[in-house]
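Inside the fold
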Amino acid sequence: MPGRLMNCCRYALILGAFTGCAVKAKTQETGRVPIILPARDDMTLKNSRAQPPGSFPLELAKPILALQQAGYYQVEVTPPNGREPVVAPLRDDPRWCQDKGNRTLEIVNQTRVNVRELSGLARTRMKGRDTLVAVGDHDRTIALLPVRDNFAAGDAAICLGSEPDPSVMTQHSEWEAGACDGRGRSFIGREDPPVVIVIEPRGRGRIATIGLKVEGTGDLAALWHTNASARVEGLILLVNGHLLVTKQSHPPALMEFAPAGAAAEGIRPDLWLGPEQEFPLPGKGDPDFFLVKHWVLAEAGELDDLSELATDRNGQLYLLSGKSQRIARVTLPLDTEDGAFHLARIWDLPGSLAKPEGLVIGADGGPLVGLDIKGPHANLYRLSPLYR
């Protein structure tokens, strides 16, 4: 038996002895491995996708993670009342499994958004309607598109953006990321200088500019200040008033920024800002947020850069790599004691998508990918679902 499988089985058997439940693993010729795991009366796996993330007993978390990392494809749970084992097929379900090898996504639909060099996407609700928000790194405009059938539908409402410094209005916007809160405010990540510009609903004016500060004398601080084009590429708002930002490269990293005096809290699904929630800005004026924690990409050879990040309805976190033309799911949570983050699953983009930089995960699990291109070409694509 391979050493990795032996270790997982040994770990599962030890856990079973500790919890008083039988745990065993076996290999099938089909390439799938059913795992018999302990269950409780409050755990049902007849439809694994109906289970909210984190609803499984804590004592199962570590063995399931270990079995996933070993490449297992499905789980069998034997209920304690002696009923037939319940099989949870894990293939293509991002909360459970990792496929052996990458799956190439397919193009389902495409359209043209009137934004030059589309570089950031976000999804929100405005006046009770799902809305797609698109920003670009050339013009200071924000496109608001109604969403129907998990794709942009109808004409875009184009809003004029604002800059904190009028002297840069003659330059390209360098807007690289977008996010929205429940009040309809847009949060635009700018690379140079590294800031987040907060704009009123429908672009009526600038509310504040959040400076992103990286202090210290370490390598990351030096690279943050010297590599202006590899900074704010993705942005997610957190309910605790912190920001999750992607550093594109040198090195690719996830960064937690917080108001002055706040401590790092890590990254986990319950911190995502909900569609009806307001992001808590600290007071009036233009505050500075400071780097309180960062995680570098452990599998650096899998993604050459980090172009965007997005969450799905199940609370999972995804990354888009423009250079590698891949989407990857991040293993959560990210603890404040960790120094790196890991990739749980990778999908390849269709080779025809040039310069992908915007990412939203639709309600059906299908990615919406924006292209940083010019000209009268399609720049927004809906792809086949990541999971079914």
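Residues numbered from 1 in each chain as written. Predicted model: local features only at pLDDT ≥ 70, side-chain atom pairs only at ≥ 80, totals over all residues. Heavy atoms only, no water.

1. Here's the deal with the overall build of the chain
- Helix and strand counts for the chain stand at 3 helices and 27 strands.
- Across the 388 residues that make up the chain, the buried fraction comes to 55%.
- Put simply, 57% of the contacts in the chain that link residues at least 6 apart link residues at least 24 apart.
- For the chain, the exposed area adds up to about 17,100 Å²; of that, 50% sits on carbon and sulfur atoms. (Helix = DSSP H or I, 4+ residues; strand = E, 2+ residues; numbered from the N terminus. Buried < 20%, exposed > 50% of the residue type's maximum accessible area, 1.4 Å probe, protein only. Contact = heavy atoms within 4.5 Å. Areas by Shrake-Rupley, 256 points an atom, 1.4 Å probe, with all protein chains shown as cover.)

2. Concerning the nonpolar core
- In this structure, Phe 187, Leu 212, Leu 235, Leu 243 and Phe 257 are the most contacted members of the largest nonpolar core, which totals 21 residues.
- Those elements that place two or more of their residues in this core are strand S12 (175-180), strand S14 (195-199), strand S15 (206-213), helix H3 (219-226), strand S16 (232-237), strand S17 (243-247) and strand S18 (253-259).
- Setting aside chain neighbours within four positions, we find Phe 187 in contact with Ala 177, Gly 178, Ala 179, Cys 180, Asp 181, Val 196, Ile 197, Val 198, Leu 235, Leu 237, Phe 279 and Leu 281.
- Core analysis: the next-biggest nonpolar cluster, separate from the first, contains 20 residues, Trp 272, Trp 295, Leu 303 and Phe 341 among them. (Core = buried A, V, L, I, M, F, W, Y, C linked by side-chain atoms within 4.5 Å.)

3. Some words on H3
- Taken residue by residue, H3 has Leu 220, Ala 221 and Trp 224 as its buried positions. For H3, the angular spread of the buried residues around the axis is 100°, confining them to a single face. Opposite the buried face of H3, at more than 90 degrees from it, the exposed residues are Asp 219 and Thr 226.
- Residues of H3 that are buried make contact with S15, S16, S17, S18 and strand S19 (288-297). (Arc of directions from axis to C-beta.)

4. Description of unusual backbone geometry
- Cis rather than trans, the peptide bond between His 250 and Pro 251 has omega equal to -10°.
- Relative to the helices and strands, Pro 251 resides in the loop between S17 and S18.
- Of the consecutive residues Leu 332 and Pro 333, the connecting peptide bond is found in the cis state with omega at 0°.
- Along the polypeptide, Pro 333 turns up in the loop between strand S22 (326-330) and strand S23 (340-341).
- In this structure, Glu 117 is a non-glycine residue whose phi angle is positive, near 55°.
- Along the chain, Glu 117 turns up in the loop between strand S6 (107-111) and strand S7 (118-126).
- We classify Glu 117 as buried; its relative accessible area is 10%.

5. So, the sheet that holds strand S27 (residues 380-383)
- The 4 strands lie next to each other as S6-S27-S26-S25, forming an open sheet whose pairing is antiparallel. Among the strands making up the open sheet, the edge pair consists of S6 and strand S25 (356-361). Direction aside, neighbouring strands of the sheet carry axes that sit 25° apart on average.
- As defined by bridge partners, strand S26 (residues 367-371) adjoins S27 across 3 bridges and the pair is classed as antiparallel. (Pairing = 2+ DSSP bridges. Axes fitted to C-alpha atoms, helices over the stretch in contact; angles between N-to-C directions.)

6. A few points about the pattern of salt bridges
- Under the counting rule described, the total for this entry stands at 13 salt bridges.
- Of the charged contacts, one joins Asp 364 and Arg 382 as a salt bridge, the two residues approaching to 2.9 Å between their closest N and O atoms. Remark: Arg 382 occurs in strand S27 and Asp 364 occurs in the loop between S25 and S26; sequence separation between them is 18 residues.
- Classification of Asp 364 as partly exposed rests on a relative accessible area of 23%.
- Overall, Arg 382 belongs to the buried group, its relative accessible area being 17%. (Salt bridge = Lys/Arg side-chain N within 4 Å of Asp/Glu carboxyl O.)

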